[in-house]
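Notes for the structure review
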Amino acid sequence: MPSNRRSERLNQLLREELAALLQSEIKDPRLRAVTVTAVDVPSEELIAGLESAERFVRRRLGRELRLRRIPEFRFHLDRSLEHVLRIESLLEEALGDQKADEAPGDEEE
């Protein structure tokens, strides 16, 4: 998938540049120990859809809650399920390797 590789490369470049910028250009002492571990840029279609939904949600909340000001929202994709599946896969692989290394007579009864 060329677009997937392109996205991964873009995320990597943005992560590196953001880390360098925070380290060399930002003088705020609170940010000295900041580490940028990942950057994930969603597709343009997704960004446009979320921005559109954000305006709608804010208008509705303002009307329903009778508030003058509604904070801006930032949406992000929840990738926790992907991480869980990856961890499970790695654990199954590790356990499979461990079982393959055990000799048939090594098990306790």
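Conventions we followed
- Residues numbered from 1 in each chain as written.
- Predicted model: local features only at pLDDT ≥ 70, side-chain atom pairs only at ≥ 80, totals over all residues.
- Heavy atoms only, no water.
- Helix = DSSP H or I, 4+ residues; strand = E, 2+ residues; numbered from the N terminus.
- Buried < 20%, exposed > 50% of the residue type's maximum accessible area, 1.4 Å probe, protein only.
- Areas by Shrake-Rupley, 256 points an atom, 1.4 Å probe, with all protein chains shown as cover.
- Contact = heavy atoms within 4.5 Å.
- Patch = residues over 30% accessible without salt bridge, like charges linked within 9 Å, V, L, I, M, F, W, Y side chains within 5 Å.
- Salt bridge = Lys/Arg side-chain N within 4 Å of Asp/Glu carboxyl O.
- Lys, Arg positive; Asp, Glu negative; His and termini not counted.
- Charge placed at Lys NZ, Arg CZ, Asp CG, Glu CD.

**Quick look at the overall build of the protein chain**
- Looking only at helices and strands, one finds three helices and zero strands in the protein chain.
- By the burial criterion, 5% of the 109 residues in the protein chain qualify as buried.
- As presented, the protein chain carries roughly 10,600 Å² of accessible surface, and 52% of it is formed by carbon and sulfur atoms.

**Considerations on the side chain of asparagine 11**
- Tracing the backbone shows asparagine 11 in helix H1 (residues 2-24).
- Taking relative accessible area as the criterion, asparagine 11 reaches 12% and is therefore assigned buried.
- For asparagine 11, the contacting residues outside a window of four places in its chain are Val39, Asp40 and Val41.

**Some words on a negative patch on the surface**
- There is a patch of like negative charges on the surface, built from Glu93, Asp97, Asp101 and Glu102.
- The residue glutamate 93 is located in helix H3 (residues 80-101) in this model.
- Take glutamate 93: its relative accessible area is 49%, and that puts it in the partly exposed class.

**Digging into the pattern of salt bridges**
- According to the stated counting rule, one finds two salt bridges in the structure shown.
- Note that aspartate 28 and arginine 30 form a salt bridge whose closest N and O atoms lie 2.5 Å from each other.
- Judged by its relative accessible area of 23%, aspartate 28 is partly exposed.
- For arginine 30, a relative accessible area of 70% puts it in the exposed group.
- The salt bridge partner of arginine 58 is glutamate 54, with a shortest N-O separation of 3.8 Å.

**Looking at a positive patch on the surface**
- A cluster of like positive charges, contributed by Arg55, Arg59, Arg60 and Arg63, occupies part of the molecular surface.
- Judged by relative accessible area, which is 47%, arginine 55 ranks as partly exposed.

**Here's the deal with the environment of alanine 38**
- Mapped onto the elements, alanine 38 comes out in the loop between H1 and helix H2 (44-65).
- With 26 residues separating them along the chain, alanine 38 and glutamine 12 place their C-alpha atoms 7.6 Å apart.

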